[in-house]
Amino acid sequence: MFSSDSFPLLGGESPALQSVLRSASLVAATDATALITGESGTGKELLAGGVHQVSRRYAGPWVPVNCAALPSELVEAELFGYWKGAFTGADRDTPGFVHQAQNGTLFLDEIAELTLSGQGKLLRFLEAGECQRLGSGRAEKLDVRIIAATHQDLSALAAQGRFRSDLFYRLNVIPLGLPALRERTGDIQLLLEHFREALAVRHGVTAPVFAPSVLKRFSRYSWPGNVRELKNLVERCVVLMAGQTIEAHDIPDGWLADASATEDQLGMELPAEGVRLESVEVSLIQQALARTGGNRSRTAELLGVTRDTLVYRLRKYGFR
Ligand SMILES: Nc1ncnc2c1ncn2[C@@H]1O[C@H](COP(=O)(O)OP(=O)(O)OP(=O)(O)O)[C@@H](O)[C@H]1O
Ligand SMILES: [Mg+2]
């Protein structure tokens, strides 16, 4: 099974993910505020959207706002709206994102980037359910669920005084911490299969087949970009190697963002007596040439260097 019943778009059977999804479905049944944390690409926005979809607000608006993209001088105006004449250029009454999200969900992405004054105003909104547009003391009652997300450690930022701790506590009532992909390598196979098929359909090509060696390599890799990185990599394979059987060595190191991490994990250990680096290089080049039947472009790819670099090396070591 790819996913849980409540969140069909979120794939994974690992206990770490399933436990977050369980909490998320409890949150969805209420109007509680939630804070979703997790590294980049772990599915924070996907989960927030899922909570909205299965909540009683599903027919209401879904309003995603990236706090990092709000110009700091306009944060309050954009979020909470303003009345005509509130400031120079405020030539008509304008609702904010909170008004747009009435009866729905306001998703505040990258919440750590919200300015301190914006944080203060958000706290008042969360505590009173009321919004004051700029330019008036009048409060408007709104019915909006807030879901916030961040890849940062908000409690650490709060301890450093860079994020209001009262807001942190208010947001963190229900913490939903998405695990990094490297902490749930058991899910890689499922995700790989899912993306392989879904992306082949999207691109109208025959899905490639991933050999077991690929899964082995992927399970050892650190995935700094998490599920997004895996998805992008599979998309590249689907488009460039449609219909082929892909082995681990068919995937150039350069396609993995953090190739050095894979190399560390190749299982090569420096012998106590040391090595002659040149002999190692010569041996690897020989093996790569043998595997590709002497095809220089493919050999260069296998070794993660350009064809020119390979040709230079071949000459240097007297290959012919
Ligand atoms: N568990 C999952 N199952 C299927 N697809 C996923 C999963 N998690 C993430 N994705 C996919 O990975 C990509 C990134 O997900 P999303 O945008 O939700 O991540 P994020 O945590 O918000 O990242 P960022 O911090 O960089 O904004 C999307 O294409 C999403 O569909
Ligand atoms: Mg995101």
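Please read all numbers here as calculations on a predicted model, not as lab measurements.

S.K.: Explain the overall build of the protein to me, and be specific about the residues and the numbers.
M.R.: Tallying secondary structure elements over the protein gives 14 helices and nine strands in all. For the protein, the C-alpha radius of gyration of 26 Å lies well beyond 20 Å, the compact-globule estimate for 320 residues. The C-alpha extent of the protein, read off along each of the three principal axes, is 85 × 40 × 40 Å. Considering the protein as a whole, with its 320 residues, one finds that 31% of them fall into the buried category. Long-range pairs, those at least 24 residues apart, make up 73% of the contacts in the protein between residues at least 6 apart in sequence.

S.K.: How would you summarise the site of ligand 1 if you had to cite specific residues and measurements?
M.R.: Close to ligand 1 lie 16 residues, the nearest being Ser40, Gly43, Lys44, Glu45 and Val227. The residue inventory of the shell around ligand 1, partitioned by class, reads four nonpolar, eight polar and four charged. Both of domain 1 (15-179) and domain 2 (183-267) provide at least three residues apiece to the shell around ligand 1.

S.K.: Summarise the domain arrangement of the protein; cite the residues concerned and give the values.
M.R.: Domain boundaries assigned for the protein yield domain 1 (15-179), domain 2 (183-267) and domain 3 (269-320). Computed over C-alpha atoms, the centres of domain 2 and domain 3 are 24 Å apart.

S.K.: For the packing of helix α13 (residues 296-303) against helix α14 (residues 307-316), give the residues involved together with the corresponding values.
M.R.: It is at 9 Å that the axes of α13 and α14 come closest, and there the two elements cross at 100°. With respect to α14, the element α13 is oriented roughly perpendicular. Seen from α13, the contacting residues are Arg296, Ser297, Thr299, Ala300 and Leu303; seen from α14, they are Arg307, Thr309, Leu310 and Val311. For the contact of α13 with α14, a count of residues per class yields four nonpolar, three polar and two charged.

Conventions we followed
- Residues numbered from 1 in each chain as written.
- Chains lettered and ligands numbered in written order.
- Predicted model: local features only at pLDDT ≥ 70, side-chain atom pairs only at ≥ 80, totals over all residues.
- Helix = DSSP H or I, 4+ residues; strand = E, 2+ residues; numbered from the N terminus.
- Rg over C-alpha atoms; globule rule 2.2 N^0.38 Å.
- Buried ≥ 20, exposed ≤ 12 C-beta atoms within 10 Å, placed from the backbone.
- Contact = placed C-beta atoms within 7 Å.
- Near = placed C-beta within 6 Å.
- Nonpolar A, V, L, I, M, F, W, Y, C, P; charged D, E, K, R; others polar.
- Domains from an automatic or database assignment.
- Axes fitted to C-alpha atoms, helices over the stretch in contact; angles between N-to-C directions.
- Parallel < 35°, antiparallel > 145°, perpendicular 65-115°, else oblique.

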